[in-house]
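# Report on the structure
Listed here are the chains, written in short residue letters.
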Amino acid sequence: MKTGILFFLSFIFFGALTSGAQELKKIIGDAETQTSYLFERIGRSKALWISDARNKKKPEVVSPRSVTPDGKLIMVASKDWTSGFFAGELWYLYELTGKDQWKANAEAFTAKIEHEKVNAGTHDMGFKIYCSFGNGYRLTKNGDYREVIIQSAKTLAKRFNPQTGCIRSWDHSRDKWDNPVIIDNMMNLELLFEASKLTNDPTYSKIAVSHANTTMKNHYRPDYSSWHIVDYDSITGKVLKKTTHQGFNNESAWSRGQAWGLYGFTMCYRETKDKKYLEQAEKIAGFILNHPNLPKDLIPYWDFNAPDIPNVPRDASAGAITASALYELSLYSGQGKHYLEIADQITKNLTMGYRSPVGQNEGFILIHSTGSKPSESEVDVPLNYADYYYLEALLRQKNLHEKKSLF
Ligand code: GLY
C-alpha cells in the first residue's frame, strides 16, 4: 500500500516537473522565433535606423533598442547605454538552447561593441561590455573577450573619484549636477569584480566596494527605497543634493531604480560575501515586495509613487530585473524559498501577461516597459533590457530548478 502511494506521488511529482520543463521549452522556443523575426526586421528596416542625430558623421548602428510610438524599429550605436543587451540576449539564447546559430549571432553582435572599451565618457560600461563580452567570456573563455573586459574596467576606473568614493555617472547637464551618481551605477560594479578576478589586481574590486558602500550610505532612505541621483561635491566629496531624473519626484521610488539596487547589492554579496550587502538586498526586496502600490501581478508601475495609480504605465523591465535578482538572492538568504516563489511568479506573470505575440512589436519579446516617463520617452513600449533580464530570469529559473549552478 505504502509503495503504491509513493509510486503515485512520484508520478505526480515527475509529471509536474516534466510539464514545467515542457512549458519552459515552449517559452524559449517562442523567444527564439520572436528573435528570428527581430533579425528579419533589422535586415529590412535599414532606412528607418535611428542613430545619434547630433553626431554629424553617423555612427554604425549596432543593436535594436525599442520601437517608436508609430511602431518602427529603433536601432542604436555602440555608445548608447543599451548597446550590449541584444548581444547578451543572443548569448542567453545560445546558453538556453545550445544552438550554434545563436552563438554565431552573439559573436557578431558582441564584436560591434568592442570600441566602447576605451570610451571613458560614460559609466555604462558594465551594461555595454559585461552583458555582451562578459557573457561571451563566461561561455567561451575566448581570450580576446577577456582582454576587452580588462581594458573596459581600466577605462571605467578613470571615472572613480576618491573624494566622493564613487564612480561618476553622467557628464551631461553640468548646470544641474556637479558629480552625479545614479543608483543604476550599481550594475557596473560586476565588470570591476570580474576584472580583478581576471588580473589578480584588487584595484577594480576596491573601487567597486567603495562605490557600493558609499551608495548604501547615501542613496537609501530609512524605508530602504532609493533616490535616483545623489549629487556630490567633486572636490570635498560632500553630498550636495538628492534628486531624480526618471522618477516621479525627488522623494518618490522610481521602480527600475529599486530593481537596479536589489540586483546590484545581491551581486555585491556574491562577489564579497560581506553580509551587509545581503542584508541590504533583503531590505530592498522587502520594500519592493511589501509596497502597497505593487500590483497583484507583481509587475511594478513605472514609479511606486506615481500619481493616478492604477491608471499609469507599468515597467516590465523593472519586473524582469527584480525576478532575475530574486533568483540569485534566493541562493543566499534565509528567506530563499520565499524569494524563489516570488521570482517564479513574476517570471510567469511576465510570460502570461507581458509577452508580445510572435511576429509583432518588431520582434521584441516583452511589451509594457517604460524608459523615462517624465520626459515621455519610451513609455509603455518594448525595451531591449527588459528582454535581456527576462531571458536571464528564465535561464536562472531553469538552472535553479535543475539544481545547476548559476555562475
Ligand atoms: N540606466 C538607465 C535606466 O535605467 O533607464
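Residues numbered from 1 in each chain as written. Predicted model: local features only at pLDDT ≥ 70, side-chain atom pairs only at ≥ 80, totals over all residues. Heavy atoms only, no water.

### Here's the deal with the overall build of the protein chain
Convention followed: The numbering of helices and of strands both runs from the N terminus, where a helix is a DSSP run of H or I of at least 4 residues and a strand a run of E of at least 2. Radius of gyration: C-alpha atoms only; globule rule: 2.2 Å multiplied by the number of residues to the exponent 0.38. We call a residue buried when its accessible area falls under 20% of the maximum for its residue type, exposed when it is over 50%, and partly exposed in between, using a 1.4 Å probe and counting protein chains only. Residues are treated as being in contact if the distance between any of their heavy atoms lies within 4.5 Å. Note on areas: Shrake-Rupley, 1.4 Å probe, and residue coverage restricted to the protein chains presented here. A residue counts as positive if it is Lys or Arg and as negative if it is Asp or Glu; His and the chain ends are not included. Note that the charge is assigned to NZ on lysines, CZ on arginines, CG on aspartates and CD on glutamates.
Along its length, the protein chain carries 12 helices and seven strands. Taking 407 residues into account, the globule formula puts the C-alpha radius of gyration at 22 Å, and the protein chain, at 21 Å, falls close to it. Dimensions of the protein chain, computed from C-alpha atoms along their principal axes, come out at roughly 75 × 50 × 50 Å. Every one of the 407 residues in the protein chain was classed for burial, and the buried ones make up 57%. Sequence separation of at least 24 residues holds for 64% of the intrachain contacts in the protein chain that already meet a minimum separation of 6. Carbon together with sulfur atoms contributes 54% to the accessible area of the protein chain, which is approximately 17500 Å² in total. Positive and negative side-chain charges of the protein chain, numbering 50 and 46 respectively, have mean locations separated by a distance of 2 Å.

### Let's talk about the side chain of Ser196
As for its position among the elements, Ser196 is in helix H6 (residues 189-199). With sequence-adjacent residues up to four places away left out, Ser196 is seen in contact with Asp201, Pro202, Thr203, Tyr204 and Ser205.

### Describing the sheet that holds strand E7 (residues 239-243)
Rules: Should DSSP find at least two bridges between two strands, the strands are regarded as paired. All axes are obtained by fitting lines to C-alpha atoms, using only the stretch in contact for helices, and the reported angles, taken between N-to-C directions, cover 0 to 180 degrees.
Pairing in this open sheet of three strands is antiparallel, and the strands run E5-E6-E7 from one edge to the other. A strand with exactly one partner marks an edge of an open sheet, and here the two such strands are strand E5 (179-182) and E7. Averaged over all pairs of adjacent strands, the angle between their axes in this sheet comes to 20 degrees, without regard to strand direction. Where E5 and strand E6 (residues 229-232) come together, four bridges link them in antiparallel fashion. By the bridge assignment for E6, Val181 is matched with Val230. Docked against the sheet, helix H7 (residues 203-218) engages E5, E6 and E7, running at close to 105 degrees with respect to E6.

### Some details on the nonpolar core
For clarity, the threshold we go by: Definition of nonpolar core: a set of buried residues of the types Ala, Val, Leu, Ile, Met, Phe, Trp, Tyr and Cys, connected through side-chain atoms within 4.5 Å.
In terms of nonpolar packing, the biggest core is built from 112 residues, with Leu189, Leu192, Leu262, Phe265, Leu326, Leu350 and Tyr389 touching the most fellow members. Beyond its immediate stretch of four places on either side in the chain, Leu326 contacts Leu262, Ala285, Leu289, Tyr339, Ile342, Ala343 and Ile346.

### Comments concerning the pairing of strand E2 (residues 73-77)
With five of its five residues buried, E2 lies for the most part within the structure. Going residue by residue along E2, you find Leu73, Met75 and Ala77 tucked away on one face and Ile74 and Val76 tucked away on the opposite face as well. Inspection of the sheet shows strand E1 (residues 61-67) paired to E2 by five bridges, in the antiparallel sense. Note on E2: the bridge partner recorded for Pro64 is Met75. Counting the residues in the hairpin turn of E1 and E2 gives five residues, including Gly71, whose phi is positive at 85 degrees.

### Here we look at the packing of helix H9 (residues 275-289) against helix H10 (residues 316-332)
Let me state the cut-off plainly: Angular relationships are summarised with four words: roughly parallel below 35 degrees, roughly antiparallel beyond 145, roughly perpendicular across 65 to 115, and oblique for the angles in between. Note on convention: near helix rotated counterclockwise from far helix by under a right angle means a left-handed crossing. Clockwise means right-handed. In this classification, Asp, Glu, Lys and Arg are treated as charged, Ala, Val, Leu, Ile, Met, Phe, Trp, Tyr, Cys and Pro as nonpolar, and every other residue, Gly included, as polar.
In contact at an axis separation of 11 Å, H9 and H10 are set at 135 degrees when each is read in the N-to-C sense. When the interaxial angle is binned, H9 and H10 end up oblique. Considering only the axes of H9 and H10, their crossing is left-handed. Contacts between H9 and H10 involve Leu278, Ala281, Glu282, Ala285, Ile288 and Leu289 from the former and Thr322, Leu326, Leu329 and Tyr332 from the latter. The class makeup of the residues in the contact of H9 with H10 is eight nonpolar, one polar and one charged.

### Some details on the pairing of E7
As paired elements, E6 and E7 share four bridges and run antiparallel to each other. Among the inter-strand pairings, Asp231 is bridged to a residue of E7, identified as Lys241. Turn length for the E6-E7 hairpin, with the two strands adjacent in sequence and antiparallel, is six residues, and the turn residue Gly237 shows positive phi of about 85 degrees.

### Comments concerning helix H4 (residues 125-140)
Condition: Bend is computed residue by residue as the angle between axes fitted to the seven residues ending at the residue and the seven residues starting at it.
For H4, the principal kink sits at Cys131 and spans about 35 degrees. Of all 16 residues making up H4, 13 are buried, and the element is well covered by its neighbours. Two residues or fewer past H4, Lys141 is found with a positive phi of approximately 60 degrees.

### Some remarks on the packing of aromatic side chains
Each aromatic ring pair is summarised here by two numbers: the centre-to-centre distance and the angle between the ring planes. Defined as follows: Two aromatic rings from Phe, Tyr or Trp, using only the six-membered ring of Trp, form a pair when their centres are within 6.5 Å; if the ring planes differ by under 30 degrees the pair is stacked, by over 60 it is edge-to-face, and anything between is tilted.
Enumeration according to the criterion identifies 24 aromatic pairs in this entry. Each ring, one from Phe39 and one from Phe109, has its centre 5.6 Å from the other, and the planes form 85 degrees; the classification is edge-to-face. You can see Phe39 sitting in helix H1 (residues 2-44) and its partner Phe109 sitting in helix H3 (residues 100-111), a full 70 residues away along the chain. Given the relative accessible area of 10%, Phe109 is considered buried.

### Here's the deal with the site of the ligand
Our working rule: One heavy atom within 4 Å of a molecule or strand is enough for the residue carrying it to be called near that molecule or strand. Two N or O atoms count as a polar contact when they lie within 3.5 Å, although within protein this holds only if one can serve as hydrogen donor and the other as acceptor, and sequence-adjacent residues are included solely when both atoms are side-chain atoms.
Neighbouring residues of the ligand: Trp81, Asp184, Gln246, Trp254, Arg256 and Trp260. Asp184 places a polar side-chain atom, nitrogen or oxygen, 2.7 Å from a nitrogen atom of the ligand. Between the ligand and the protein, one listed contact pairs an oxygen atom with a side-chain N or O atom of Arg256 at 2.6 Å. Residues belonging to the shell around the ligand are distributed by class as follows: three nonpolar, one polar and two charged.

### Some thoughts on the environment of Ile309
As for its placement among the helices and strands, Ile309 is situated in the loop between H9 and H10. Overall, Ile309 belongs to the partly exposed group, its relative accessible area being 24%. With 52 residues separating them in the primary sequence, Ile309 and Gly257 have C-alpha atoms 18 Å apart. Look past the residues within four positions of Ile309 in its chain and what remains in contact with it is Asn293, Tyr301, Asp303 and Phe304.

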